[in-house]
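Residue-level structural notes
Given next are the chains, with one letter for each unit.
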Amino acid sequence: MKAAVFPGSFDPITLGHKDIIDRALPLFDKLIIAIGVNVDKKYMFDTATRMKMIEAVYAGEPKIEVTKYEGLTVDFCHANKLHFILRGLRNPADFEFEKAIAQTNRKLGQIETVFLLTGPETSFISSSIVRDIYRNGGDISALVPTEIMKFIS
Ligand code: ADP
């Protein structure tokens, strides 16, 4: 079975993440969306809420599993016998950042990273912009999956 992990903060999941996930689904038999929990990082939505948001978007999609993990992504991969990491690329800055991580993960853990290029309609979307709009009382509904709006007061 070909399985991959899509690691990230998903704070919150956006239409950019959804684009990458939807396009990766035909490539894998199973896709684990894993929220990396970094105790030193401050999140807007707590881990349980972020997990519920993703589960709501993919309710009824048997290939998707949602989980969380602490520590290194390679260790998560080894513990779950995963050989592939999925990441999305929006721009050259993403590429530069992701390149070093992917090469390190391959060196340290024999894990291959699969990159998908963002779709043009969602390339400008980031969770940090969504958080900024939300914090300032703006409307984020055009940037996130509709299913997550019910978690947002
Ligand atoms: P992280 O803190 O690990 O970067 P994010 O939730 O911000 O977590 O991103 C997770 C993954 O989703 C990354 O590979 C990122 O490049 C990708 N991603 C985020 N937004 C978009 C987008 N608009 N289009 C394509 N990929 C995206």
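Parameters and conventions
Residues numbered from 1 in each chain as written. Predicted model: local features only at pLDDT ≥ 70, side-chain atom pairs only at ≥ 80, totals over all residues. Heavy atoms only, no water. Salt bridge = Lys/Arg side-chain N within 4 Å of Asp/Glu carboxyl O. Helix = DSSP H or I, 4+ residues; strand = E, 2+ residues; numbered from the N terminus. Buried < 20%, exposed > 50% of the residue type's maximum accessible area, 1.4 Å probe, protein only. Phe/Tyr/Trp six-rings, centres within 6.5 Å; stacked < 30°, edge-to-face > 60°. Near = heavy atom within 4 Å. Polar contact = N/O pair within 3.5 Å; in protein donor to acceptor, adjacent residues only side chain to side chain. Areas by Shrake-Rupley, 256 points an atom, 1.4 Å probe, with all protein chains shown as cover. Pairing = 2+ DSSP bridges. Contact = heavy atoms within 4.5 Å.

**What to know about the pattern of salt bridges**
A full pass over the atoms with the stated rule returns nine salt bridges. Notably, a salt bridge pairs K30 with E65, separated by 3.0 Å at the nearest N-O pair. Here E65 lies in strand β3 (residues 64-70) and K30 lies in strand β2 (residues 30-37), a separation of 35 residues in the sequence. Using a relative accessible area of 34% as the deciding quantity, one classes E65 as partly exposed. Measuring nitrogen to oxygen at the nearest pair gives 3.0 Å for the salt bridge that ties D132 to R135. Separated by three residues within a single helix, D132 and R135 lie in helix α5 (residues 127-135), roughly one turn from each other.

**A few points about the packing of aromatic side chains**
We describe a pair of aromatic rings using the distance from one ring centre to the other and the angle between the two ring planes. For the structure on display, the rule yields four aromatic pairs. With a centroid separation of 6.0 Å and 50° between ring planes, the pair formed by F28 and F84 is classed as tilted. Placement of the pair is F28 in the loop between α1 (15-24) and β2 and F84 in strand β4 (residues 84-89), with a sequence separation of 56 residues. When its relative accessible area of 5% is taken as the criterion, F28 is described as buried. When the ring of F45 is compared with that of Y134, the centres are 5.5 Å apart and the planes differ by 40°; the resulting orientation is tilted. Of this pair, F45 sits in the loop between β2 and α2 (47-57) while Y134 sits in helix α5, and the two are 89 residues apart along the sequence.

**What to know about the site of the ligand**
For the ligand, the set of nearby residues contains 17 residues, the closest of which are S9, F10, G88, T122 and I125. Taking I125, its main chain carries an N or O atom lying 2.8 Å from a nitrogen atom of the ligand. Protein chains bury 87% of the 550 Å² of accessible surface belonging to the ligand in isolation. Where the shell around the ligand is concerned, the elements lending two or more residues are β1 (3-8), α1, β4 and α4 (92-109).

**Section: the pairing of β4**
Strand direction decides the pairing type here: β1 and β4, joined by two bridges, are parallel. By the bridge assignment, A4 is partnered in β4 with F84. Bridge count for β4 against strand β5 (residues 112-117) is six bridges, and the pairing is parallel. If you follow I85 over to β5, its bridge partner there is T113.

**Regarding α1**
Taken as a whole, α1 has its buried residues at G16, H17, D19, I20, I21 and A24. In this structure, the buried residues of α1 make contact with β1, β2, β3, β4, β5 and α5. Structurally, the start of α1 carries an N-cap: the backbone nitrogen of G16 is 3.0 Å from a side-chain oxygen of T14.

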